[in-house]
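Tertiary structure, described
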Amino acid sequence: MDLVFGLLWFLTVFLEDIYCQGVYAPPTVRIVHSGHACNIEEERYTERVYTIREGETLELTCLVTGHPRPQIRWTKTAGSASDRFQDSSVFNETLRIAKIQRHQGGRYYCKAENGLGSPAIKSIRVDVYYLDDPIVTVHQSIGEAKEQFYYERTVFLRCVANSNPPVRYSWRRGREVLSQGSDKGVEIYEPFFTQQGETKILKLKNLRPQDYANYSCIASVRNVCGIPDKNILFRLTNKTASPTIKLLVEDPIVVNPGQTVTLVCITSGGEPTPTLAWVRNSEPLPEKSVLNGGTLTLPAITSEEAGVYSCVANNNVGNPAKKSTTIIIRALKKGRFWITPDPYHNDDNIQIGREVKISCQVEATPPEELMFSWLKNGRALRSSERMVITQTDPDVSPGTTNLDIIDLKFTDFGTYTCMASLKGGGIPEISIDVNISSTTVPPNLTVPRGKSPLVTQEGDTVELQCLVSGKPKPIILWSRADKEAPMPDGNMQSESYDGVLRIVNVSREMTGSYRCQTSQYNGFNVKPREAVVELIVQYPPTVEPVFTEIRQGISRTFSMNCRVLRAHPHKVLKYEWRLGNRVLSTGLVDSRDETEYNVRSLNREGYGEYTCDISNEAGAGRCSFLVTGKAYAPEFYYDTYSPLWQNRPRVYAFKLQWTQMNPNAVDRIMAYRLGIRQTGQQRWWEQEIPIEGVIQKGELITYNLTELIKPEAYEVRLTPITRFGEGDPTIRIVKYSAPINPHLREFHCSFEEEPICMFTQEKGDDFDWTRHSAATRDTKYTPNTGPSSDRSGSKQGFYMYIETSRPRLEGEKARLLSPTFNVAPKSPYGATNSAYCFSFYYHMYGKHIGTLNAYLRQKGQAASDSPIWTLSGNQGDRWRQAKVNIHPTSSFQMVLEGIRGPGIEGDIAIDDVTIEEGECGDPPPNNLRNLAPPSATHIWQLCVTLLLALFGLRR
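Predicted, not measured: the structure shown is a model, and the values here were computed from it.

1. Considerations on the overall build of the protein
Counting its regular elements, the protein contains two helices and 70 strands. In the protein, which comprises 955 residues, the share counted as buried stands at 44%. Here the protein displays about 50,200 Å² of accessible surface, and carbon together with sulfur accounts for 49% of that area.

And the structure:
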């Protein structure tokens with residue numbers, strides 16, 4: 001008995017695996033185009049190139065198959081740096097770019113993935129065509145020939161236009177077409193090759209009177225993409241000359257902030273009349289600037305608007321003329337001082353009888369206008385033998401003045417003031433006071449007690465402090481002492497006038513050593529004093545998972561685990577598990593830095609949000625687990641070919657198919673709530689679809705939607721229901737599409753539905769093919785003939801056959817026509833070079849079997865009398881597969897023709913008709929994995945047969 005159950009278990013798992021593989025499928029992808037393509041062509045290595053004119057609309061659609069429904073992502077490479085699409089992705093089937101620009105050309109990739117196998121990726125190269133207006137530039141040369149006493153005056157006319165594809169040029173003088181050799185005084189040559197293609201240069205040698213004329217350059221891309229030719233006219237006269245200009249301004253221009261500056265530029269020569277433009281360094285002009293011809297006005301100028309301004313004149317003759325002027329904005333800023341004790345004595349103090357120097361520095365613009373003066377106790381101070389005032393050479397130490405006091409006396413104590421001003425005036429003076437007295441001493445630097453190490457918590461505001469003594473107190477410079485890293489403000493050093501470094505919203509990365517150091521500024525110019533402050537930033541534990549959803553059914557056992565990634569301090573970490581507000585467990589985190597909570601038998605009260613807080617002195621990190629009995633969302637099946645069919649003239653029906661994601665994760669699904677509403681409407685119509693038994697993983701569930709109104713689209717919502725309640729819903733759109741001219745990708749028909757995949761009966765034949773299954777077909781009139789099941793072995797499965805019983809006569813024909821398939825042109829001439837594999841299964845059993853023929857019928861071509869495949873006579877009581885390669889060059893149909901034999905035992909059947917792109921492969925091996933998904937009845941029959949065979953019994 002154990003053997004029987006073991007065998008049953010093996011068969012169940014084995015057949016379930018077969019069944020799942022029949023429904024779940026890795027993604028496939030194909031890119032199709034619409035919009036304004038000029039051409040679609042296949043290049044080497046099956047590269048697809050989509051050509052489009054600039055300004056048109058690009059539309060690329062990613063057609064995918066696979067179950068679950070693959071996620072689609074469009075990406076792009078080979079774009080320019082300015083192409084923002086490079087940095088993003090489009091997550092839908094259709095990529096649409098309105099008014100496409102040249103920089104948006106490149107390779108576009110469509111990637112589809114659904115978690116099964118490798119992602120499917122297809123690409124297409126988009127080539128954007130354009131032609132800009134051509135530009136003619138003229139260059140003259142006057143050169144003296146060696147050992148000759150005459151001048152040769154030569155003119156070059158160069159024509160350039162940006163384009164894709166490369167441009168071609170032609171020249172005309174008046175109405176005369178110029179070509180190489182047509183005129184001895186004219187040469188046409190191509191000395192340069194650019195990314196835009198050739199550059200045509202017209203050389204006029206030793207100018208003659210007839211050379212003064214109108215010249216036209218015609219740029220052409222040969223009407224590619226419907227882009228017309230473009231031309232430009234240039235008039236060459238004996239006055240043609242390159243531009244010259246004059247600037248009616250000084251150089252440089254020195255002004256105060258807030259003044260209005262006017263720059264005037266005029267043309268002094270040039271034919272044709274040059275155009276004038278102003279530029280600023282390599283930057284755009286200030287926004288508030290006013291440009292009127294050659295006059296540029298800058299109102300209320302600021303220091304940020306200083307720089308070199310250039311007037312450029314261009315008339316495409318010779319080189320553009322350019323003249324520049326520099327605008328300098330007066331400014332005084334950043335006044336500083338320092339005191340230098342006598343350098344000849346190894347002492348940092350200032351003492352009576354020795355020398356002391358006071359230095360004062362200011363940043364001035366322009367530096368040559370800077371003036372200094374000194375005061376002592378408010379009175380002007382002049383340079384003397386003991387009081388030596390010097391202004392350092394600006395090239396050595398710009399903007400610095402020194403006051404040397406030689407043989408310091410008690411009467412020299414007092415307040416010295418350094419005054420800085422600009423000669424031009426209009427800028428406030430800067431004054432700096434320096435006090436020299438017996439209490440003037442060099443600085444000393446210490447860290448207050450208890451301020452190092454400094455412990456704080458992440459997110460707080462912290463103040464690092466160094467106490468500085470001495471008079472005067474210098475500026476304190478803060479920097480990182482433990483590593484080469486910027487300070488919190490982004491600079492390598494931060495200045496502080498009170499010795500305090502304030503850090504707002506401190507983070508864990510700021511932990512470390514900080515150096516405070518005296519600067520020479522506003523203090524003594526002596527060896528710097530320094531100290532170090534240690535900063536320790538505590539932060540709460542970082543844990544994972546932050547959030548996890550756990551789906552479980554009643555009475556299940558499961559565990560939840562919360563792990564610590566990092567924390568400071570890390571010595572003692574406490575945990576607390578809760579369900580809602582109820583405490584479940586507390587304790588200390590173990591040495592593995594994790595804690596686990598087990599649920600042994602889940603009940604209804606056990607559903608909800610579980611939290612685990614792991615804490616230290618700085619706070620807590622939280623893991624959250626949402627335990628729910630909600631069923632996962634259904635996954636709609638999109639790969640059924642033509643799930644839509646005609647029901648009645650004004651309505652249509654749709655075969656809705658889906659599988660259940662992880663059906664065994666929670667309690668058994670008892671029903672689905674089906675909601676349907678017309679797109680754009682508010683009201684949902686709902687009903688329940690009961691489910692008998694347990695849904696297996698990969699089981700394909702079908703429900704027919706009927707009475708859908710043409711041509712409306714509908715929103716369909718499917719929600720699984722368990723004992724817990726409603727699960728996650730899934731929504732899809734059902735659209736009506738007239739069943740004509742399907743675009744051929746992959747066609748498969750097993751005749752399971754009444755519409756029979758848009759196959760039709762030919763009206764001019766003798767009788768029709770019949771759709772039947774072995775379970776419903778009455779074979780009493782035709783014994784020993786016809787199939788006993790469909791191709792998959794199911795008696796419930798359907799197939800098509802010809803009934804040869806009376807009144808059929810020998811030689812009568814029944815023709816079944818496939819839908820018409822459109823084949824996309826793959827070359828600019830409309831021809832195709834693709835092969836397709838046409839295959840079907842046939843059953844020809846009986847002593848009166850006639851003939852089965854297959855024909856290829858193409859649009860615009862006469863019907864062929866010769867079949868592409870034919871077979872006659874009894875082939876045995878089994879299904880066999882036929883495969884044949886076809887090479888259609890236009891829209892086509894397949895015709896399956898059955899011809900009655902000499903008697904009634906001549907039924908011919910067909911099933912599983914397939915058309916796939918590409919050459920036919922080898923016939924599949926005859927094993928279970930190549931069968932279609934078996935029905936539940938078939939699985940049971942197979943199980944019983946195997947069990948009886950195992951015990952030597954017969955049915």
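2. Some words on the packing of aromatic side chains
Working definition: an aromatic ring pair is given by the centre-to-centre distance plus the angle between the planes. If you walk through the whole model with that rule in mind, you get 17 aromatic pairs. Ring geometry for Tyr597 and Tyr610: centres 6.4 Å apart, planes at 40°, overall tilted. Residue Tyr597 is located in strand S48 (residues 594–599), and its partner Tyr610 is located in strand S49 (residues 608–616); the two are separated by 13 residues in the primary sequence. The pair Tyr597 / Tyr610 is uniform in exposure class, with both members buried. For the pair Phe821 and Phe892, a centre-to-centre distance of 5.5 Å together with 40° between the ring planes defines the contact as tilted. Of this pair, Phe821 sits in the loop between strand S64 (813–817) and strand S65 (836–844) while Phe892 is found in strand S69 (residues 892–899), placing the two residues 71 residues apart along the sequence. With a relative accessible area of 1%, Phe892 lands in the buried category. Pairwise contacts between aromatic rings join Trp577, Tyr597, Tyr610 and Phe625 into one cluster.

3. Topic: the environment of Gly727
With respect to the helices and strands, Gly727 occurs in the loop between strand S58 (725–726) and strand S59 (730–734). For the pair Gly727 and Gly629, spaced 98 residues apart in sequence, the C-alpha to C-alpha distance is 8.0 Å.

4. What to know about the pattern of salt bridges
The tally for this structure, following the rule as stated, stands at 42 salt bridges. With a closest N to O distance of 3.1 Å, Arg815 and Glu762 form a salt bridge. Residue Arg815 is located in strand S64, and its partner Glu762 is located in the loop between strand S61 (760–761) and strand S62 (770–773); the two are separated by 53 residues in the primary sequence. Like Arg815, the residue Glu762 is buried in the burial classification. Look at the salt bridges and you will find they share partners, linking Arg173, Glu176, Asp183, Arg208 and Asp211 into a network.

5. Some details on the state of the cysteines
Counted according to the given criterion, the structure contains eight disulfides. Between Cys38 and Cys225 runs a disulfide, and the two sulfur atoms are separated by 1.7 Å. Judged by the torsion about the S-S bond (110°), the Cys38/Cys225 disulfide is right-handed. On the criterion of sequence distance, the pair formed by Cys38 in strand S2 (residues 37–42) and Cys225 in the loop between strand S16 (214–220) and strand S17 (230–235) is long-range, its members being 187 residues apart. The buried category is assigned to Cys225, whose relative accessible area is 16%. Cys562 supplies the cysteine sulfur nearest to Cys612, a cysteine that is in no disulfide, at a spacing of 3.9 Å. By relative accessible area, which is 0% here, Cys612 ends up buried.

6. Remarks on the pairing of strand S36 (residues 462–465)
Residues Val462 and Leu464 point to one face of S36 and are all buried, whereas Glu463 and Gln465, pointing to the other face, are not buried. With four bridges connecting them, S36 and strand S40 (residues 500–503) associate as antiparallel partners. Within S40, the residue paired with Val462 across the bridge is Ile503.

7. Focus: the pairing of S16
The element S16 is extensively covered by neighbouring structure, given that six of its seven residues are classed as buried. With six bridges connecting them, strand S12 (residues 168–173) and S16 associate as antiparallel partners. If you follow Arg172 over to S16, its bridge partner there is Ser216. Of the pairings in the sheet, the one linking S16 to S17 comprises six bridges and is antiparallel in character. Its bridge partner being in S17, Ile218 is matched across the sheet by Asn231.

8. Section: the sheet that holds strand S22 (residues 290–292)
Within a beta sheet, neighbouring strands are joined by backbone hydrogen bonds and run either parallel or antiparallel to one another. Here four strands make up an open sheet; going across it, the order is S18-S20-S23-S22 and the pairing antiparallel. The strands lining the two open edges of the sheet, one partner per strand, are strand S18 (241–247) and S22. On average, each strand axis in the sheet is inclined to that of its neighbour by 20°, with strand direction left out of account.

9. Some remarks on the environment of Leu248
Relative to the helices and strands, Leu248 is located in the loop between S18 and strand S19 (253–255). In this structure Leu248 comes out as exposed when scored by relative accessible area, which is 53%. Distance in space between the C-alpha atoms of Leu248 and Ile266 is 7.8 Å, their sequence separation being 18 residues.

10. Considering the nonpolar core
One broad trend across soluble globular proteins is that nonpolar side chains are buried collectively. With 33 residues, the main nonpolar core has Phe751, Phe759, Phe838, Phe840, Leu852 and Ile910 as its most contacted residues. Of all the secondary-structure elements, those providing two or more residues to this core are strand S60 (746–749), strand S63 (798–802), S64, S65, strand S66 (851–858), strand S68 (880–886), S69 and strand S70 (908–917). Ranked by residue count, the leading element in this core is S65, at five residues. Setting aside its immediate chain neighbours within four residues, Phe838 contacts Ala854, Ile868, Ala882, Lys883, Val884, Ile886, Met894, Leu896, Val913, Thr914, Ile915 and Cys920. Of all hydrophobic cores here, the second largest spans 29 residues; its members include Leu403, Tyr416, Ile427 and Phe524.

11. As for unusual backbone geometry
In this model, Asn164 is joined to Pro165 through a cis peptide bond whose omega is 10°. Residue placement: Pro165 occurs in the loop between strand S11 (163–164) and S12. The phi angle at Ser555 is positive, at roughly 75°, despite the residue not being glycine.

12. Focus on the environment of Arg153
Tracing the sequence through the fold places Arg153 in strand S10 (residues 151–160). Taking the relative accessible area as the measure of exposure, Arg153 reaches 27% and is therefore partly exposed. The spacing of Arg153 and Asn206 is 53 residues in sequence and 4.9 Å in space, taken between C-alpha atoms.

13. Section: the side chain of Thr595
Its place among the elements puts Thr595 in strand S48. At 3.1 Å, the side chain of Thr595 and the side chain of Trp577 are in polar contact. For Thr595, the residues in contact, after removing those within four places along its chain, are Met560, Asn561, Cys562, Tyr575, Trp577, Cys612 and Ile614.

14. Here we look at the confidence of the model for the protein
Looking at the protein, the pLDDT average stands at 85 and 86% of residues meet or exceed 70. This model gives residues 1–21 a pLDDT under 50, and the stretch forms 27 contacts once residues within four places in sequence are excluded. Across residues 825–832, confidence stays below pLDDT 50; counting only partners more than four residues off in sequence or on other chains, it has 19 contacts.

15. Some points on the sheet that holds strand S33 (residues 430–436)
What the four strands build is an open sheet, ordered S29-S28-S32-S33; its pairing is antiparallel. Of all the strands in the sheet, the pair left with one neighbour each is strand S29 (379–381) and S33. This sheet shows a mean twist of 35° between the axes of neighbouring strands, independent of strand direction. Both strand S28 (residues 370–376) and strand S32 (residues 414–422) contribute to a ladder of seven bridges, which runs antiparallel. Directly across from Ser373, in S32, lies its bridge partner Met419.

16. Observations regarding the side chain of Glu635
Mapped onto the elements, Glu635 comes out in strand S51 (residues 634–636). Lys697 provides the closest opposite charge to the buried, salt-bridge-free Glu635, at an N-O distance of 8.7 Å. If we skip the residues at most four places from it in the chain, Glu635 touches Tyr24, His67, Pro68, Gln657, Trp658, Thr659 and Met661.

Cut-offs applied
Along each chain, residues carry numbers from 1 onward, in the same order as the chain's sequence is written. Given that this is a predicted model, residues contribute local features only at a pLDDT of at least 70 and side-chain atom pairs are listed and counted only at 80 or more, while totals for whole chains, interfaces and linings are drawn from all residues. To get the side-chain values, take all heavy atoms of the structure and skip hydrogens and water. Helix numbering and strand numbering both begin at the N terminus, where a helix is a DSSP run of H or I of at least 4 residues and a strand a DSSP run of E of at least 2. Burial classes follow relative accessibility: with a 1.4 Å probe on protein chains only, a residue under 20% of its type's maximum area counts as buried, one over 50% as exposed, and anything between as partly exposed. Note that accessible areas follow from Shrake-Rupley with a 1.4 Å probe, and for residues the cover is restricted to the protein chains shown. Two rings belonging to Phe, Tyr or Trp (six-membered ring only in the last case) form a pair when the distance between their centres is within 6.5 Å. Interplanar angles under 30 degrees mark stacking, angles over 60 mark edge-to-face geometry, and anything in between is tilted. Between Lys or Arg on one side and Asp or Glu on the other, a salt bridge is scored when a side-chain nitrogen of the former is within 4 Å of a carboxyl oxygen of the latter. Sulfur atoms of two cysteines make up a disulfide when they are within 2.5 Å. At least two bridges found by DSSP between two strands is the condition for calling them paired. Axis definition: a line fitted to C-alpha atoms, limited for helices to the stretch in contact. Angles are taken between N-to-C directions and run from 0 to 180 degrees. Each nonpolar core is a collection of buried residues, namely Ala, Val, Leu, Ile, Met, Phe, Trp, Tyr and Cys, held together in the definition by side-chain atoms within 4.5 Å. Any two residues whose heavy atoms approach within 4.5 Å at even a single point are treated as in contact. By the criterion applied in these results, polar contacts are pairs of N or O atoms within 3.5 Å in which, for protein atoms, one can donate a hydrogen and the other can accept it, and in which residues neighboring in sequence qualify only through two side-chain atoms. Within a predicted model, pLDDT stands for the predictor's per-residue confidence, ranging from 0 to 100. Counting rule applied: Lys, Arg positive; Asp, Glu negative; His and chain ends not counted.

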